[in-house]
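Fold and contact review
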Amino acid sequence: MSLKTRLTSLIARKMPVRPARLAGHRPVASITFDDFPRNAWTLGGKVLDRHGVKATYYTAGGFCGRTLDGTEFYDETDLSQIAAAGHELACHGFAHQPTPELTTGELAADAARNQAFLTPFLGGQAPVSYAFPYGRVSPRTKRFYAPRFSNVRGVHPGVNVGRVDLAQLNAISLEMRCWNQDAIEAAIQRVMHDRGWLVLYTHDVSDAPSPYGSTPQMLDWALGRVAAARIAVFPMRDAVKVALGA
């Protein structure tokens, strides 16, 4: 990542666009999948079902039905099954491009295209949650997406407690490349103590995951620790309401 990119990301993170204060009534958690490879549903979905939780699947419409660099992505049947099972289908940019590299006009066209792609799977409703592709964000793109969604997620490591920015929520990775059980446990404990919002994320789920994915056992362990802490798990669309006390 270039120095310019890092500086832009730092400025964006320090610039609140949709500040809000969490109600602090009770801790809440969300489990999310980015992009998402098909096995995040076919294998990951089974882990979710065992724990009785609903997840958010951030969907880049341009990946539908495709296999890229050996990765098989979801298809329309998977999307219908995910929605029917009560999970959330959310936006992740149709073309999955880093948002700072797009003009505002290109952002608008991409957002409209992804919304049009997802709406039929949502009973005609518009998606309400968004995550920045690659976690790349700038002040301009934060301002663009903030009014279009009830919540926007980034990848900056951390939990959401007290005063937060709904235009760039923190998250904790479950990815193989940075798997750290102690850090995950610490995040769970802080959310319990401060009655905040824990957002977990990964990509693929398999016995031999990519560096950006998790094994079923890793996902099972994380959800088990959340359950042991008696933290309720909701998709992002519902968690934001609970966290704000709405």
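Residues numbered from 1 in each chain as written. Predicted model: local features only at pLDDT ≥ 70, side-chain atom pairs only at ≥ 80, totals over all residues. Heavy atoms only, no water.

This part is about the nonpolar core. Ile31, Phe33, Tyr57, Tyr145 and Leu198 are the most contacted members of the largest nonpolar core, which has 53 residues in total. Tyr58, Trp197, Tyr201 and Ala243 belong to the second-largest nonpolar core, a separate cluster that totals 17 residues. (Core = buried A, V, L, I, M, F, W, Y, C linked by side-chain atoms within 4.5 Å. Buried < 20%, exposed > 50% of the residue type's maximum accessible area, 1.4 Å probe, protein only.)

Now for the state of the cysteines. Counted according to the given criterion, the structure contains zero disulfides. Free of any disulfide, Cys64 has its nearest cysteine sulfur in Cys91, 14 Å distant. On the basis of relative accessible area, Cys64 is assigned to the buried category, the value being 19%. For Cys91, a relative accessible area of 2% puts it in the buried group. (Disulfide = S-S within 2.5 Å.)

The next thing to look at is helix 4 (residues 76-84). Regarding helix 4, the residues found buried are Asp78, Leu79 and Ile82. Projected onto a plane normal to the axis of helix 4, the buried residues spread over an arc of 100° and lie on a single side. Close packing links the buried residues of helix 4 with helix 2 (39-42), strand 3 (56-59), strand 6 (88-91) and helix 5 (104-118). With a side-chain oxygen lying 3.1 Å from the backbone nitrogen of Thr77, the N-terminal cap of helix 4 falls on Asp75. Immediately beyond the C-terminal end of helix 4, within one or two residues, lies Gly86, with a positive phi of roughly 95°. (Helix = DSSP H or I, 4+ residues; strand = E, 2+ residues; numbered from the N terminus. Arc of directions from axis to C-beta. Contact = heavy atoms within 4.5 Å. Polar contact = N/O pair within 3.5 Å; in protein donor to acceptor, adjacent residues only side chain to side chain.)

Further remarks concern the pairing of strand 10 (residues 169-173). A large share of strand 10 lies buried, amounting to four of its five residues. Sheet topology note: the strand 8 (residues 151-157)/strand 10 ladder contains two bridges and is parallel. When the sheet's bridge partners are listed, Pro157 is paired in strand 10 with Ala171. In this sheet, strand 11 (residues 197-202) lies alongside strand 10 in parallel orientation, the contact comprising two bridges. Opposite Ile172, over in strand 11, you have Leu200 as the bridge partner. (Pairing = 2+ DSSP bridges.)

Applying the stated criterion across every chain, the model contains 14 aromatic pairs. Ring plane angle 80° and centroid distance 6.2 Å describe the contact between Phe94 and Phe117, whose orientation is recorded as edge-to-face. With Phe94 in the loop between strand 6 and helix 5 and Phe117 in helix 5, this residue pair connects regions lying 23 residues apart in the sequence. For the pair formed by Phe94 and Phe117, the shared burial category is buried. Between Phe132 and Tyr145, the aromatic rings sit 5.8 Å apart at their centres with planes inclined by 85°, giving edge-to-face as the arrangement. Note that Phe132 is positioned in the loop between strand 7 (129-131) and helix 6 (139-145) and Tyr145 in helix 6, a separation of 13 residues in sequence. Accessibility expressed as a relative area gives 2% for Tyr145, which makes it buried. Of note, Arg153 hangs over the ring of Tyr201, and the distance from its end group to the ring centre comes to 4.7 Å. (Phe/Tyr/Trp six-rings, centres within 6.5 Å; stacked < 30°, edge-to-face > 60°. Lys NZ or Arg CZ within 6 Å of the ring centre and 35° of its normal.)

Here the focus is the side chain of Thr56. Examined against the element boundaries, Thr56 turns out to sit in strand 3. Among the polar contacts made by the side chain of Thr56, one reaches the main-chain amide nitrogen of Met236 at a distance of 2.8 Å. Non-local contacts of Thr56, meaning those with residues more than four positions away in its chain, are made with Ile31, Thr32, Phe33, Glu88, Ala90, Pro235 and Met236.

Time to look at unusual backbone geometry. Backbone torsion omega between Asp35 and Phe36 reads -20°, so that peptide bond is classified as cis. Relative to the helices and strands, Phe36 resides in the loop between strand 2 (28-35) and helix 2. Unusually for a residue other than glycine, His96 sits at a positive phi of about 50°. Along the polypeptide, His96 turns up in the loop between strand 6 and helix 5. His96 sits in the buried class, given a relative accessible area of 7%.

Another aspect to go through is the pattern of salt bridges. In the structure shown here, the tally under the stated rule is eight salt bridges. Notably, a salt bridge pairs Arg136 with Glu101, separated by 3.6 Å at the nearest N-O pair. Of this pair, Arg136 sits in the loop between strand 7 and helix 6 while Glu101 sits in the loop between strand 6 and helix 5, and the two are 35 residues apart along the sequence. Given the relative accessible area of 17%, Arg136 is considered buried. (Salt bridge = Lys/Arg side-chain N within 4 Å of Asp/Glu carboxyl O.)

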